[in-house]
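Now for the letters of each chain:
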Amino acid sequence: MSMLAALVRRYDRMAAKGDAPVPGYSSEKIAYGVTLAADGSVVDVTSLGKTVKGKHVPEAMTVPQPAKRTVGVAANLLWDKTAYVFGAADPAKESKRAAKKGLRPGAEEFAAFRRRQHESIGETEDAGLKAFLAFLDGWDPEAYESLPLAAQMLDANVVFRLDGERNWLHERPAARAVVARSVSGGGGVGLCLVTGEEAPIARLHPSIKGVRGAQSSGAAIVSFNQSAFTSYGKEQGENAPVSEYAAFAYTTALNALLAGLRNRVQIGDASVVFWAEPEGDEEPYDGEAIFAALFGGGEKSAEPEAEPGPDSAAQERDLLNALALVAKGQPVPGLSINPATKFYVLGLSPNAARISVRFWLETTIQQLAERLTRHFEDLRLEPPAWRDGRAPQFWRLVYCLAPVRRSDDGRIKDMSRDEKDRFEKSHAHIAGELTRAVLTGARYPVSFLSMILMRFRVDREIAPLRVALIKAVLSRANEEVPVSIDFEERNAGYRLGRLFGILERLQAAGLGRRNATVRDKFYASASATPARIFPSLLRNAKNHSKSVRSKVGAGLAEWFEDRIAEALSGSSTAFPKTLRLEDQGRFAIGYYHQREAFLTKTTAAPKELEAAENVDNTEE
């Protein structure tokens, strides 16, 4: 099934439940309502919506479908911005076209709006529509400042109603008949490529709104606005015939997905939406909810997560257990999920006035669960790389590739929103490749490995999530990588990483806390050119061991010497001159395992170790 056909089916399901507007209408953000007297005079202006954190949030209202706007003037039917409705526009946004013609801001728009209403409504006996036309004929744009809430209303969307009535003008039966007459876009009849039926072809498709980075007025997935895009003398939508109904349906469904929080996530510059398509009357909510939690549904997912609650680890285990059951095709207790239910994932990115399809996945809930389960298994390390009890969502994996910034006292600083935006723009392809690899089960890009190793060298932050992503890249490439510390592993990179972790801990025991550690000074060169660095590190280790003997005692020194001997026992007598990228990745994994093992019972250290490390020598 094509992407557009799946979206049309999504709309049909929404419409059957009354959750979607009928053709000719769409959900738009309306900020103000104007009450008219029977003679067309303005009685009152009412603010619609609510105030959130001091900011006015408009009301989502079903209104006649907006006109397609690019750079020209195009008026909506029965509602619009103040520039069209009242002829009042923000002088700071005055168009070059109006200035060139010597017109005041909003003059062209108001004339177009009045003309559109008269042409569409025509002669009418409806009291509300007659009052509306009388308002347009008698309105003087110079009187805008005298209206209530004039300053706040400027450039906002406005609807109308007749004084003494609760319904808005566009909700009146006579207005609905007007909208029905105006639905046709003027195209001919042809074979719709989406539905396969003979139907009126849409000349222009409605705009898609909500794709981050695209035009706020909306952008198009299907458009032909240059002669180079046309063929055989066809114009606009005739080049890829889609019926007016299908065009309305797929754009309505997609706009609803983009406007929600549960079924969308921002990954880099890609706005990703996902939905399930169950058979019959089955509800898709349980299946969608599991993947929403894993994907991190909502625009807010690009922001740092709140501190986890006390039972977040248990909730995460329940979520991953449910995912594993779905992957095996088994029922999930308490949830209604059919593993065979179709599931779709669509990634969209901005491209000037158009929208690019970054990726499109058509699968089943079970197949997607299998791929996500494999993804988390590829990331799995022991101890876990995610300490907050929650498996990493996509955006966290992308951001772990970003440079680490530190404050003056050495603490890691969170990325600001501007820094995240710049990183996302410069690494947009990385987010897309990561998402595609996870969702399709393909290999992770090898570039991830080189990027993380570069970050290790530059900012010296061997973060657990970075190490987990290295392990995932190697595992997906069919490389054998230990999940937890493996004392029998003979790979040189892994054993040298473990040895480096032991030497770092020995230095801390011998010298206490220092401004610069072995890792800060030598990690980059030790992981790339071991033969140049490790002989020197082992010589220094003897000095550190002497310090431990004199400060703490022979027991702790001998314990470290045994650990060093064990790490060296599986390697050849000569250190390798260089390590290839894959082995540098294993070096990081070995270092992580050894560092974390000191904190567990795996390699329990003598009690004297903690006391020796806490001696403060940072001023030396």
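In case you missed it, the structure is sitting above this.
The rules behind these values
Residues numbered from 1 in each chain as written. Predicted model: local features only at pLDDT ≥ 70, side-chain atom pairs only at ≥ 80, totals over all residues. Heavy atoms only, no water. Helix = DSSP H or I, 4+ residues; strand = E, 2+ residues; numbered from the N terminus. Buried < 20%, exposed > 50% of the residue type's maximum accessible area, 1.4 Å probe, protein only. Contact = heavy atoms within 4.5 Å. Areas by Shrake-Rupley, 256 points an atom, 1.4 Å probe, with all protein chains shown as cover. Pairing = 2+ DSSP bridges. Salt bridge = Lys/Arg side-chain N within 4 Å of Asp/Glu carboxyl O. 1 Å grid on protein atoms, 1.4 Å probe; cavity = no way out; pocket = protein on both sides within 12 Å on 5 of 7 lines; lining within 4 Å. Points joined across faces, edges and corners; volume = space filled by probe spheres on them. Axes fitted to C-alpha atoms, helices over the stretch in contact; angles between N-to-C directions. Nonpolar A, V, L, I, M, F, W, Y, C, P; charged D, E, K, R; others polar. Parallel < 35°, antiparallel > 145°, perpendicular 65-115°, else oblique. Polar contact = N/O pair within 3.5 Å; in protein donor to acceptor, adjacent residues only side chain to side chain. Phe/Tyr/Trp six-rings, centres within 6.5 Å; stacked < 30°, edge-to-face > 60°.

Draft legend 1. View of the overall build of the protein chain. Tallying secondary structure elements over the protein chain gives 22 helices and 16 strands in all. Looking at the protein chain residue by residue over its 620 residues, the buried ones come to 49%. Expressed as a percentage of contacts within the protein chain between residues at least 6 apart in sequence, the contacts between residues at least 24 apart total 71%. For the protein chain, the accessible area works out to roughly 29100 Å², and carbon and sulfur atoms hold 51% of it.

Draft legend 2. Local environment of the sheet that holds strand β8 (residues 157-162). The 4 strands are arranged β3-β2-β8-β7 in an open sheet whose pairing can be described as mixed. Bordering the open sheet on either side are β3 (42-47) and β7 (80-81), each of which pairs with just one other strand. Two strands pair when backbone bridges link them, and strand β2 (residues 32-36) and β3 are joined in this way by 5 bridges, in the antiparallel orientation. Following the sheet pairing, Leu36 is matched in β3 by Val42.

Draft legend 3. Just the pattern of salt bridges, in detail. Enumeration over the complete set of coordinates arrives at 22 salt bridges. Salt-bridge contacts for Glu277 lead to Arg9; the nearest nitrogen and oxygen are separated by 2.9 Å. One end of the pair, Glu277, is in strand β12 (residues 270-277); the other, Arg9, is in helix α1 (residues 3-16), and 268 residues separate them in sequence. For Arg9, a relative accessible area of 40% translates into the label partly exposed. What emerges from the salt-bridge pattern is a single network uniting Glu479, Arg580, Glu582, Asp583 and Arg586.

Draft legend 4. Highlighting empty space enclosed by the protein. All told, the structure shown has 1 cavity of 30 Å³ or more when counted by the stated rule. Taken as a whole, the largest cavity spans an internal volume of roughly 30 Å³. If you trace the largest cavity, you find it lined by Leu453, Phe456, Arg457, Tyr523, Ser527 and Gln584. Among the secondary structure elements, those contributing two or more residues to the lining of the largest cavity are α15 (447-459) and α18 (518-528). Among the elements that line the lining of the largest cavity, the one with the most residues is α15, at 3 residues.

Draft legend 5. Representation of the packing of helix α11 (residues 365-379) against helix α16 (residues 464-476) within the structure. Interaxial distance between α11 and α16 falls to 7 Å at its minimum, and their mutual angle equals 120°. Across from Arg374, His375, Glu377, Asp378 and Leu379 in α11, the residues of α16 making contact are Ala468, Leu469, Lys471, Ala472, Ser475 and Arg476. Residues belonging to the contact of α11 with α16 are distributed by class as follows: 4 nonpolar, 2 polar and 5 charged.

Draft legend 6. Structural context of the sheet that holds strand β11 (residues 264-267). The strand order β11-β12-β13-β14 describes an open sheet built from 4 strands, whose pairing is antiparallel. At either end of the open sheet lies a strand with only one pairing partner, and these are β11 and β14 (354-364). Along the sheet, successive strands turn relative to each other by an average axial angle of 20°, direction set aside. Of the strand pairs in this sheet, β11 and β12 are connected by 4 bridges, and their pairing is antiparallel. Its bridge partner being in β12, Gln266 is matched across the sheet by Ser271. Lying on the sheet, α11 is in contact with β13 (342-351) and β14; it crosses β14 at an angle near 100°. Those strands touched by helix α14 (residues 428-440) are β11, β13 and β14, and its axis lies near 15° from that of β14.

Draft legend 7. Seen up close, the packing of helix α4 (residues 107-121) against helix α7 (residues 173-182). For the pair α4 and α7, the least separation of the axes is 9 Å and the interaxial angle reads 95°. As far as their axial angle goes, α7 and α4 are roughly perpendicular. On α7, the residues touching Arg116, Ser120 and Ile121 of α4 are Val178, Arg181 and Ser182. By residue class, the composition of the contact of α4 with α7 is 2 nonpolar, 2 polar and 2 charged.

Draft legend 8. Structural detail: the side chain of Gln266. Examined against the element boundaries, Gln266 turns out to sit in strand β11. Judged by relative accessible area, Gln266 falls into the buried class, the value being 2%. Polar side-chain contacts of Gln266 include one of 2.9 Å to the side chain of Arg264.

Draft legend 9. Fine view of the side chain of Arg264. Tracing the sequence through the fold places Arg264 in strand β11. Within the local environment of Arg264, its side chain forms a polar contact with the backbone oxygen of Leu258, the two atoms lying 3.0 Å apart.

Draft legend 10. Layout of the packing of aromatic side chains. Within the structure shown, the criterion is met by 25 aromatic pairs. Centre to centre, the rings of Phe500 and Phe587 are 5.9 Å apart; their planes meet at 50°, and the pair counts as tilted. A residue pair is termed long-range when its members are at least 10 positions apart, and Phe500 in helix α17 (residues 492-511) and Phe587 in helix α21 (residues 581-597) qualify at 87 residues. Phe500 gets classed as buried once you look at its relative accessible area, which sits at 0%. Exposure remark for Phe587: the relative accessible area of 0% places this residue in the buried category. For the pair Tyr523 and Phe587, a centre-to-centre distance of 5.4 Å together with 75° between the ring planes defines the contact as edge-to-face. Residue Tyr523 is found in helix α18, and its partner Phe587 is found in helix α21; the two are separated by 64 residues along the sequence. Taking relative accessible area as the criterion, Tyr523 reaches 3% and is therefore assigned buried.

Draft legend 11. Inspection of the environment of Ser550 at higher detail. Locating Ser550 in the fold gives a position in helix α19 (residues 530-551). Overall, the relative accessible area of 61% leaves Ser550 in the exposed class. Ser550 sits 40 residues away from Gly510 along the chain, and the two C-alpha atoms are 9.1 Å apart. A polar atom in the side chain of Ser550 sits 2.9 Å from the backbone oxygen of Ser547.

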